[in-house]
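Descriptive structure summary
The residues making up each chain are set out below.
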Amino acid sequence: MPTYRHPGTVITDHSFPVPLDHADPTGERIEVYAREVVAAGRERDSLPWLLFLQGGPGGRSPRPVGRDSWLDRALDDYRVLLLDQRGTGRSTPADRHTLPLRGDAAAQADYLAHFRADSIVRDCELIRRELLGEGGRWTLLGQSYGGFCTLTYLSYAPEGVREALVTGGLPGLRSTAQDVYRAAYPRVQRKIEAHYARYPEDVEAVRAVVRHLREREVRLPGGGLLTAEAFQAIGTVLGTGSGSHALHYLLEDAFLPGMPERRLADSFLAEVQGHLSYAGRPLYALLHESIYGQRSASPRATGWAAETVRAEFPQFDADRALAEDRPVLLTGEMIYPWMFGTDPALAPLREVAELLAAREEWPDLYDPRQLARNEVPVAAAVYHDDMYVDTDDSLATARAVRGLRPWITNEYEHDGLRVSEGRVLDRLIRLVRDET
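The text that follows walks through the structure, step by step, so that each part is easy to find.

Each value, and the rule that gives it
- Residues numbered from 1 in each chain as written.
- Predicted model: local features only at pLDDT ≥ 70, side-chain atom pairs only at ≥ 80, totals over all residues.
- Heavy atoms only, no water.
- Helix = DSSP H or I, 4+ residues; strand = E, 2+ residues; numbered from the N terminus.
- Rg over C-alpha atoms; globule rule 2.2 N^0.38 Å.
- Buried < 20%, exposed > 50% of the residue type's maximum accessible area, 1.4 Å probe, protein only.
- Contact = heavy atoms within 4.5 Å.
- Areas by Shrake-Rupley, 256 points an atom, 1.4 Å probe, with all protein chains shown as cover.
- Lys, Arg positive; Asp, Glu negative; His and termini not counted.
- Charge placed at Lys NZ, Arg CZ, Asp CG, Glu CD.
- Expected span 1.5 Å × (residues − 1).
- Polar contact = N/O pair within 3.5 Å; in protein donor to acceptor, adjacent residues only side chain to side chain.
- Phe/Tyr/Trp six-rings, centres within 6.5 Å; stacked < 30°, edge-to-face > 60°.
- Lys NZ or Arg CZ within 6 Å of the ring centre and 35° of its normal.
- Salt bridge = Lys/Arg side-chain N within 4 Å of Asp/Glu carboxyl O.
- Pairing = 2+ DSSP bridges.
- Axes fitted to C-alpha atoms, helices over the stretch in contact; angles between N-to-C directions.

**Re the overall build of the protein**
Helix and strand counts for the protein come out as 18 helices and nine strands. For the protein, the C-alpha radius of gyration of 22 Å lies close to 22 Å, the compact-globule estimate for 436 residues. For the C-alpha atoms alone, the extent of the protein along its principal axes is close to 70 × 50 × 45 Å. Every one of the 436 residues in the protein was classed for burial, and the buried ones make up 58%. Of the contacts made within the protein by residues no fewer than 6 positions apart, 76% connect residues no fewer than 24 positions apart. Carbon together with sulfur atoms contributes 48% to the accessible area of the protein, which is approximately 17,900 Å² in total. Separation between the mean location of the 51 positive side-chain charges and that of the 64 negative ones in the protein comes to 3 Å.

**So, helix α3 (residues 117–132)**
The end-to-end C-alpha distance of α3, which contains 16 residues, comes to 21 Å, matching closely the 22 Å that a straight helix rising 1.5 Å per residue would cover. Of the positions making up α3, those classed as buried are A117, D118, S119, I120, V121, D123, C124, E125, I127 and R128. The elements touched by buried residues of α3 are β2 (9–19), β3 (29–39), β4 (49–53), β5 (79–83), β6 (138–143) and α4 (145–156). Directly beyond the C-terminal end of α3, a positive phi value near 90 degrees is found at G133.

**Side note on the side chain of E36**
Mapped onto the secondary structure, E36 falls in strand β3. Owing to a relative accessible area of 10%, E36 belongs among the buried residues under this scheme. Of the polar contacts made by the side chain of E36, one reaches the side chain of R79; its length is 2.9 Å. With residues up to four places along the chain from it excluded, the contact list for E36 reads V10, I11, T12, H14, W49, R79, V80 and L81.

**Points about the packing of aromatic side chains**
Geometrically, a pair of aromatic rings is defined through the distance of the ring centres and the angle of the planes. For the structure on display, the rule yields 10 aromatic pairs. Residues F52 and W70 carry aromatic rings whose centres are separated by 4.6 Å and whose planes lie at 35 degrees to one another, so their mutual orientation is tilted. Within this pair, whereas F52 is found in strand β4, its partner W70 is found in the loop between β4 and α1 (71–77), the two being separated by 18 residues in sequence. The two residues F52 and W70 agree in class, both being buried. On the basis of an interplanar angle of 65 degrees and a centroid distance of 5.8 Å, the ring pair of W304 and F340 is categorised as edge-to-face. With W304 in the loop between α10 (282–287) and α11 (305–310) and F340 in helix α13 (residues 339–342), the pair connects residues that are 36 residues apart, well separated along the chain. Judged by its relative accessible area of 13%, W304 falls in the buried class. Given the relative accessible area of 2%, F340 is considered buried. An aromatic cluster is defined as three or more aromatic residues linked by ring pairs; in this entry it consists of Y145, F148 and Y292. For R86, the ring lying beneath its charged end belongs to F115, and the centroid distance is 5.5 Å. Against the face of F255 rests R262, its NZ or CZ located 4.0 Å from the ring centre.

**Overview of the pattern of salt bridges**
Once their charged atoms are close, side chains differing in charge can pair, the charge on each being opposite to the other. Enumeration over the complete set of coordinates arrives at 35 salt bridges. Here D77 and R433 are joined by a salt bridge, their closest N and O atoms 3.1 Å apart. You can see D77 sitting in helix α1 and its partner R433 sitting in the segment after α18 (423–432), a full 356 residues away along the chain. On the basis of relative accessibility, which here comes to 31%, the residue R433 falls in the partly exposed class. Across the pair D123 and R86 runs a salt bridge, and its minimum N-O distance is 2.7 Å.

**Focus on the environment of A347**
Counting through the fold element by element, A347 comes out in the loop between α13 and α14 (350–358). We classify A347 as partly exposed; its relative accessible area is 37%. Residues A347 and Y388, spaced 41 residues apart in sequence, show a C-alpha to C-alpha distance of 25 Å.

**Quick notes on the sheet that holds strand β8 (residues 378–383)**
Reading across from one edge, β1-β2-β3-β5-β4-β6-β7-β8-β9 is the order of the nine strands in this open sheet, with mixed pairing throughout. A strand with exactly one partner marks an edge of an open sheet, and here the two such strands are β1 (3–6) and β9 (404–409). Here the average twist between neighbouring strands, direction ignored, is 25 degrees. Pairing analysis gives six bridges linking β6 to strand β7 (residues 161–167), with the strands arranged parallel. Counterpart to Q143 in the pairing with β7 is T167. This element, α4, spans β4, β6, β7 and β8 of the sheet and lies at about 140 degrees to β6. Together, β8 and β9 form the strand contacts of helix α16 (residues 391–400), whose direction differs from that of β8 by roughly 160 degrees.

**Concerning the side chain of Q370**
Tracing the sequence through the fold places Q370 in helix α15 (residues 368–372). Judged by relative accessible area, which is 16%, Q370 ranks as buried. Sequence-distant contacts of Q370, that is, excluding residues within four places in its chain, are made with L154, S155 and P158.

**Thoughts on the pairing of β3**
Across the 11 residues that make up β3, a large majority, nine, are buried. Here 11 bridges tie β2 to β3, and the two strands are oriented antiparallel to one another. By the bridge assignment, V10 is partnered in β3 with V38. By the bridge criterion, four bridges tie β3 to β5 in an arrangement that is antiparallel. Opposite A34, over in β5, you have L83 as the bridge partner.

This is the structure we're talking about:
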């Protein structure tokens, strides 16, 4: 196990072989990587463990340099394990290069069916027993999708959890993908309208970009096709605390000045690509809707829910907005089937994505009965204006989990854990310990 030092920390690499299918423990195995971080000088101390579950799905764990962000507060009390969830980072990655090695699209889809929260939690349990021993328990810190995984953990393996902390990640226990997007589109619209109220000149800036993209083909530096619908997806940045300002600065540099005909600047296209490309997180696109698939839900198949439900919100039609001289609404954290035609990182996986969207055999991810009798101390930050996770769903789940203590705040957006310099984490630690 390689060990090295960063400013104020000591880091140890871990790799764990785990079953691809936990129902078949003697079958194929994959590797799961995790990074242990401890405060310098405390390497040999008997510290409680904190397992960090990253947002996503499909996001690798943070790559810290020293006591970054919330890690500074965590290292005061814990030995921290940063997990690359299966398929991400250094954990047997799944992408357009590796997935075709599995066989045809059906084989790839069957493989990816083992990459949801239920499998992630079982990986964590094997890792816990190896690092802490059979009776050891650790603290969970789940950010966004990591909070979804935390609720799965509390449903099916609460014996491994000492306490649980959730930031912006309390899911609806029985919400379907269709339910999620019916609630999401109005939230996104409010965010866009608030942005336009803050920066009125951006109304015409967005309209100008959309008109330009309707009139000619525009390619991003990596070869992706920037359509008007693809550009609308830039609205996802508005879910972060500084997202509105970042969007404004992006738009003000959209077109090159002094050109004989309008041309989008390379710097603008490069920044747009950074926001829209799924090259670094293909599992996010492939699995994003399937994280809501459950056998107890109806319909069971997620069925490209964001695209289907969008038809119920015609105000998001860019052409209609231009024709009626209205502001063009941007979209948010939605995955659409056309993305598998415009993004080179996703194009080879389109058939796989179609099969996952049609899949009906998803196990339940949460056990409401177990959560109703929960005995693990839980504290959760619920962001009142969260664009990505529905507040009503989060509060309903907070009421459904016995003993869960919510902190409802509009001081931070969805990225509060990362940007608060440890204040969000400190508040949750004090809350779960019932400290004033």
